[in-house]
Amino acid sequence: MNRGQSHVVGVALLLAASAIALGTLTMGVGQLMESRAADADAQRVATGMAEAIQPRQTTGYRADRIRFTDGRLETVQREVRIYRNGTIVGTYDAMALRYESGEQRVAFVGGAIVRRHGESSWLVREPPISGSVTRGVLLVGLSHLEAGNVAVGTSGTTSIPIRTNVSHERADLGSGTFAVGIETTAVDAFRRYFEERDVPTVLEDVDGDGVRSVRARFPGERRAYLVHHRLSLEVADG
């Protein structure tokens, strides 16, 4: 091969390498833009859930919307359990409302709102459970979605009407040592939340359905009260 042919081959190889690099860069930029769009969508859904579902602040009828551009909104079965002195004294249906798009998830469960991206999860709204060791009181707020099977999917911009009718009940759970178990696929977010507040936790699959619960064990003898927020939920296809 003479010098001229070598030069031509070298230029061709350089152009090919540049094309591959440019294609890789374009793919990377595209994936980054898709990731940012998905993250913005999940954040929009989390904000929408927080605005549309306000069990503690609302009594009676409320209507709002949840907006997203891609994904699926559905209800999934979840339970919250209350323990006194190590024994379950109440098992409550805490139907969750969940949004899912690829690796992005947002869920309302038991009154809390949690986001999940891949294996990472964090709370957007804290669970409505509070206690005072000095006063010996534990207040357990439980939001119960009363809804049928909901499944709304879209691949384009949509606005989903959300309607709730909220009522409240209060019950005295007596005195003892209490724990609250929340069934969720985002166990890390709830576990981290409680343990940052010096409330030890254990993970368990109580009913063998493959979904673990985070059982938060509140130290010390105390009197507990349950504030039960019932939300009759309607989700319409936008």
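All values reported here derive from a predicted model rather than from experimental measurement.

Cut-off values and rules
Residues numbered from 1 in each chain as written. Predicted model: local features only at pLDDT ≥ 70, side-chain atom pairs only at ≥ 80, totals over all residues. Heavy atoms only, no water. Helix = DSSP H or I, 4+ residues; strand = E, 2+ residues; numbered from the N terminus. Buried < 20%, exposed > 50% of the residue type's maximum accessible area, 1.4 Å probe, protein only. Contact = heavy atoms within 4.5 Å. Areas by Shrake-Rupley, 256 points an atom, 1.4 Å probe, with all protein chains shown as cover. Pairing = 2+ DSSP bridges. Axes fitted to C-alpha atoms, helices over the stretch in contact; angles between N-to-C directions. Phe/Tyr/Trp six-rings, centres within 6.5 Å; stacked < 30°, edge-to-face > 60°. Lys NZ or Arg CZ within 6 Å of the ring centre and 35° of its normal.

### So, the overall build of the protein chain
When its secondary structure is counted, the protein chain shows two helices and 16 strands. Within the span of the protein chain, comprising 238 residues, buried residues form 43% of the whole. In the protein chain, the proportion of contacts linking residues at least 24 apart, taken out of those at least 6 apart, comes to 71%. Carbon and sulfur atoms make up 51% of the accessible area of the protein chain, which totals about 12300 Å².

### Some words on the sheet that holds strand β8 (residues 120-125)
Spatially, the six strands line up as an open sheet ordered β8-β7-β6-β5-β2-β11, and their pairing is antiparallel. Where the open sheet ends on each side, the last strands, each with one partner, are β8 and β11 (151-154). Between one strand axis and the next, the sheet turns through 15° on average, direction left out of account. Bridge count between strand β7 (residues 112-117) and β8: five bridges; the pairing is antiparallel. Residue pairing across strands places R116 opposite S121, the latter belonging to β8.

### Let's talk about the packing of aromatic side chains
Aromatic ring pairs are reported here in terms of the distance separating the ring centres and the angle at which the planes meet. In the structure shown here, the tally under the stated rule is three aromatic pairs. Their ring planes at 75° and their centres at 5.2 Å tell us that Y193 and F194 sit as a pair that is edge-to-face. A relative accessible area of 2% places F194 in the buried class. The ring of Y225 has R170 sitting right over it, with the charged end atom 4.7 Å from the ring centre. Lying over the aromatic face of Y83, R215 brings its terminal NZ or CZ to 3.9 Å of the ring centre.

### Focus on the sheet that holds strand β14 (residues 201-204)
Spatially, the five strands line up as an open sheet ordered β4-β3-β13-β15-β14, and their pairing is antiparallel. This sheet does not close on itself; its edge strands, each paired only once, are β4 (87-93) and β14. In this sheet, adjacent strand axes meet at a mean angle of 20° when their direction is disregarded. Relative to strand β15 (residues 213-217), strand β13 (residues 178-183) runs antiparallel, the two sharing five bridges. Following the sheet pairing, G181 is matched in β15 by R215.

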